Amino acid sequence: MHLANFINGEFVSPRSGAYFDDINPATAEGIAAIPDSDERDVDDAVRAARAAFPSWSRTTAAERSNLLLKLADLIEQNLDDLARTESIDNGKTISLAKRLDIPRAVANFRFFATAILHQSSDAHFMDVAALNYTLRQPLGVVGLISPWNLPLYLLSWKIAPAIAAGNTCVAKPSELTPLTANRLAELSIEADIPPGVINIVHGYGNKAGRALTCHDDVAAISFTGGTVTGAAVAANAAPRFKKMSLELGGKNPNLIFADADLDDAIATSIRSSFWNQGEICLCGSRIFVERSIHDEFVSRFAAAAKSLRIGDPLDASTDVGALISEGHLQKVMGYTDLATKEGGTIVAGGHRLDRPGYFVEPTIITGLTCECRVLQEEIFGPVVTVTPFDSEDEALAFANSTRYGLSATIWTRDISRAHRVAANLDAGTIWINCWLLRDLRVPFGGMKESGVGREGGFESLNFFTEAKNVCVKI
Ligand code: TXE
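Quick caveat: nothing in here was measured; it's all calculated off a predicted structure. (Residues numbered from 1 in each chain as written. Predicted model: local features only at pLDDT ≥ 70, side-chain atom pairs only at ≥ 80, totals over all residues. Heavy atoms only, no water.)

Focus: the side chain of Thr385
Part 1 of the reasoning: Note on placement: Thr385 falls in strand S16 (residues 383-389).
Part 2 of the reasoning: For Thr385, a relative accessible area of 2% translates into the label buried.
Part 3 of the reasoning: Among all residues touching Thr385, those that are not within four sequence positions of it are Ser285, Arg286, Ile287, Ile365, Leu368, Val374 and Leu375. (Helix = DSSP H or I, 4+ residues; strand = E, 2+ residues; numbered from the N terminus. Buried < 20%, exposed > 50% of the residue type's maximum accessible area, 1.4 Å probe, protein only. Contact = heavy atoms within 4.5 Å.)

Here it is in structure tokens:
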């Protein structure tokens, strides 16, 4: 199947006429041909978005809301088909695609379709009898760049608020997972979203993605991806004074105190460690356990990890699917090799499956210290470390010992300690006795090298609008 770019409501071939393979990670076989787009395709898409902006930005919030709600309904009606497509494209289990990825895409469109009806802005009276009011208006054409790990979920996280706020957009999905973006384009036609409002250009990041970040008529860039790539995006967008939101990598701590509900902590840590093969930026890849329960935790956690079913992502009973690519698998296996060199002990997993596709066992490593590269660098695979701590202060020092600050999890029944520790963690999102409970109304984003800016809730609508202050003498 040859995919096409979606520009001005039509599917068009890349200007280059060139394509490259989309690979099914579970079989290592080609499943589609992806347009190898370049700056010409991006310019065509930006022109279409510019042409559509005047009329789209003049629609009422209610009109935009209705169209986004229609698109949300269409995604929901096609949930099973989209989940299967996502599983084939990404290697994730179909069960996770059905329970997380696609339902969250529906929720994203529904949330911003209704949030736009309730966006408020400020007004301030001055003593000298003047009124100031904040006027929020759409930015124009915005560039949306998304990663491969939660393809439709994170693409919808950007498209929904961008167009709800009255912008038109050019989206560049990851070249590793183009299929559900393609389906979204098809559904947007069925939802009667006007041509040029949503444009999708496929292709490599350093070509099509880069062209989007450098285009003079793109007012803002919303990027989700790796920290290194985020720096490249910023280097191109900042000198052109584009508004930017960067959601980047993580190396998230999972702190388990001796008074925790250990059954719940273990069951949830299996999910926060190995869901989506550990390819969720919010995964808790560094587990720190109070020393008195460390050995019990390791024994029970390793047993639970070994009982996970790895294999065909399309089998409803599979717990762990395939990593996204051979290159990513090699990167992940490189860290398990490094772990033993750094003095660690692999207590579960550590092997590639002897079968087609990119499968790695859920892997647990003990005996490493915070200075080790395995505890400093983002692996983004089914590999976690378990390290003991002896005090709350030491737990905090360990947790905050990386360049990242995306999310963190705390397990304790001591409510004062939970809030005290949360206040001292370098993380943009902190869960206490839970993980991945997401309220779309709250700001989302990372600290330090995990990101710049916040999206989520009205933060997203504020990001995708310009705030003017108008002062009028009364
Ligand atoms: O990122 P990449 P990936 C992080 C996750 C991991 C990474 C995995 O932690 O580090 O993302 O996703 C495009 N100019 N998060 O490997 O390579 C590229 O084509 C413009 C954090 O996909 O950074 C793709 O579409 N674009 C996040 C996108 O950038 C460029 C949640 C991301 O690619 C480009 C999910 C360039 N020079 C994953 N180079 C969070 N914090 O929420 C590449 N791209």
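Having seen it, we continue.
Some thoughts on the site of the ligand
Part 1 of the reasoning: Neighbouring the ligand are 27 residues, the closest being Trp148, Lys172, Glu175, Leu248 and Glu378.
Part 2 of the reasoning: Contact distances for the ligand include 2.6 Å between an oxygen atom and a side-chain N or O atom of Glu175.
Part 3 of the reasoning: Within the backbone of Leu248, a nitrogen or oxygen atom sits 2.4 Å from a nitrogen atom of the ligand.
Part 4 of the reasoning: If the ligand stood free it would expose 840 Å²; the protein chains cover 89% of that surface.
Part 5 of the reasoning: Residues belonging to the shell around the ligand are distributed by class as follows: twelve nonpolar, ten polar and five charged.
Part 6 of the reasoning: In this structure, the shell around the ligand is formed jointly by two domains, domain 1 (5-248 + 450-473) and domain 2 (252-432), each of which donates at least three residues. (Near = heavy atom within 4 Å. Polar contact = N/O pair within 3.5 Å; in protein donor to acceptor, adjacent residues only side chain to side chain. Areas by Shrake-Rupley, 256 points an atom, 1.4 Å probe, with all protein chains shown as cover. Nonpolar A, V, L, I, M, F, W, Y, C, P; charged D, E, K, R; others polar. Domains from an automatic or database assignment.)

Regarding a nonpolar patch on the surface
Part 1 of the reasoning: A cluster of nonpolar side chains, namely Tyr133, Leu135 and Val472, defines an oily patch on the protein surface of about 210 Å² accessible area.
Part 2 of the reasoning: Examined against the element boundaries, Tyr133 turns out to sit in strand S6 (residues 130-138).
Part 3 of the reasoning: Of the residues examined, Tyr133 reaches a relative accessible area of 32% and is grouped as partly exposed. (Patch = residues over 30% accessible without salt bridge, like charges linked within 9 Å, V, L, I, M, F, W, Y side chains within 5 Å. Salt bridge = Lys/Arg side-chain N within 4 Å of Asp/Glu carboxyl O.)

Considerations on the packing of helix H3 (residues 79-90) against helix H6 (residues 179-190)
Part 1 of the reasoning: One can describe the packing of H3 onto H6 by two numbers: an axis separation of 8 Å at closest approach and a directional angle of 150 degrees. In this view, H3 runs roughly antiparallel relative to H6, as classed from their interaxial angle. Residues Asp81, Leu82, Thr85, Glu86 and Asp89 of H3 touch H6, and the partners they reach there are Leu179, Thr180, Arg183 and Leu187. (Axes fitted to C-alpha atoms, helices over the stretch in contact; angles between N-to-C directions. Parallel < 35°, antiparallel > 145°, perpendicular 65-115°, else oblique.)

Focus on the pattern of salt bridges
Part 1 of the reasoning: Under the defined criterion, the tally for this structure stands at 23 salt bridges.
Part 2 of the reasoning: Arg15 is the partner of Asp44 in a salt bridge, and the nearest nitrogen-oxygen pair spans 2.7 Å. Linking Asp44 in helix H1 (residues 39-57) with Arg15 in the loop between strand S2 (10-12) and strand S3 (19-24), this pair joins segments that are 29 residues apart in sequence.
Part 3 of the reasoning: Across the salt bridge formed by Arg373 and Glu377, the nearest N and O atoms sit 2.7 Å from each other.

Observations regarding the sheet that holds strand S15 (residues 363-366)
Part 1 of the reasoning: Strands sit in the order S14-S15-S16-S13-S12-S18-S19 across an open sheet of seven strands; the sheet is mixed. Across the chains shown, the open sheet's two edge strands, defined by having one partner strand only, are strand S14 (345-348) and strand S19 (429-432). Strand-to-strand twist of the sheet, defined as the mean angle between neighbouring strand axes without regard to direction, takes the value 25 degrees.
Part 2 of the reasoning: By the bridge criterion, three bridges tie S14 to S15 in an arrangement that is antiparallel. By the bridge assignment, Ala348 is partnered in S15 with Ile364.
Part 3 of the reasoning: Against the sheet, helix H10 (residues 291-306) engages strand S12 (253-256), strand S13 (286-290), S14, S15 and S16, with an angle of about 135 degrees to S13.
Part 4 of the reasoning: Against the sheet, helix H12 (residues 392-399) touches S12, S13 and S16, its axis set at about 150 degrees to S16. (Pairing = 2+ DSSP bridges.)

Considering the packing of helix H2 (residues 61-77) against H6
Part 1 of the reasoning: Their axes nearest at 9 Å, the elements H2 and H6 cross at an angle of 125 degrees. The orientation of H2 with respect to H6, classified from their angle, is oblique. Regarding H2 and H6, the two cross each other, and that crossing is right-handed. Residues Lys70, Leu71, Leu74 and Ile75 of H2 pack against Leu184, Leu187, Ser188 and Glu190 of H6.
Part 2 of the reasoning: Tallied by class, the residues present in the contact of H2 with H6 amount to five nonpolar, one polar and two charged. (Left-handed = near helix turned anticlockwise from the far one by under 90°.)

Describing the sheet that holds S6
Strand pairing in a sheet takes place through backbone hydrogen bonds and is either antiparallel or parallel in direction.
Part 1 of the reasoning: On the basis of which strands lie adjacent, the open sheet formed by three strands has the order S5-S6-S22 and antiparallel pairing. This sheet does not close on itself; its edge strands, each paired only once, are strand S5 (123-126) and strand S22 (465-473). The average angle at which neighbouring strand axes cross in this sheet is 20 degrees, direction not considered.

Examining helix H9 (residues 262-274)
Part 1 of the reasoning: Over its 13 residues, H9 runs 18 Å from end to end, which matches the ideal 18 Å to within 8%, given 1.5 Å per residue.
Part 2 of the reasoning: The complete set of buried residues in H9 reads Leu262, Ala265, Ile266, Thr268, Ser269, Ile270, Ser272, Ser273 and Phe274.
Part 3 of the reasoning: The distance from a side-chain oxygen at the start of H9 to the backbone nitrogen of Asp263 is 3.2 Å, and the residue carrying that oxygen is Asp261.
Part 4 of the reasoning: Looking one or two places after H9, you find Asn276, whose phi comes out positive at around 60 degrees. (Expected span 1.5 Å × (residues − 1).)

Description of the nonpolar core
Part 1 of the reasoning: In this structure, Ile75, Phe109, Ile159, Ile163 and Leu282 are the most contacted members of the largest nonpolar core, which totals 69 residues.
Part 2 of the reasoning: With twelve residues, the top contributor of residues to this core is helix H4 (residues 94-115).
Part 3 of the reasoning: In contact with Phe109, not counting residues within four places along its chain, are Leu68, Leu71, Ala72, Ile75, Ser156, Ile159, Ala160 and Leu184.
Part 4 of the reasoning: Leu323, Val332, Cys370 and Cys372 belong to the second-largest nonpolar core, a separate cluster that totals 31 residues. (Core = buried A, V, L, I, M, F, W, Y, C linked by side-chain atoms within 4.5 Å.)

A short note on the domain arrangement of the protein
Accessible area lost upon the coming together of the parts is a frequently used measure of interface size.
Part 1 of the reasoning: Looking at the assigned domains, one finds that the protein contains domain 1 (5-248 + 450-473) and domain 2 (252-432).
Part 2 of the reasoning: Taking only C-alpha atoms, the centre of domain 1 and the centre of domain 2 are 31 Å apart.
Part 3 of the reasoning: Counting residues at the interface gives 27 residues for domain 1 and 28 residues for domain 2.
Part 4 of the reasoning: Summed over both sides, the interface between domain 1 and domain 2 buries roughly 2,100 Å², with carbon and sulfur atoms accounting for 62% of that surface.
Part 5 of the reasoning: At the boundary of domain 1 with domain 2, the tally comes to zero salt bridges.
Part 6 of the reasoning: Where domain 1 packs against domain 2, one counts eight residue pairs in polar contact (both at pLDDT 80 or more).
Part 7 of the reasoning: Here the residues of the side of domain 1 that touches domain 2 sort into twelve nonpolar, ten polar and five charged. (Buried area = accessible area lost by both parts, 1.4 Å probe.)

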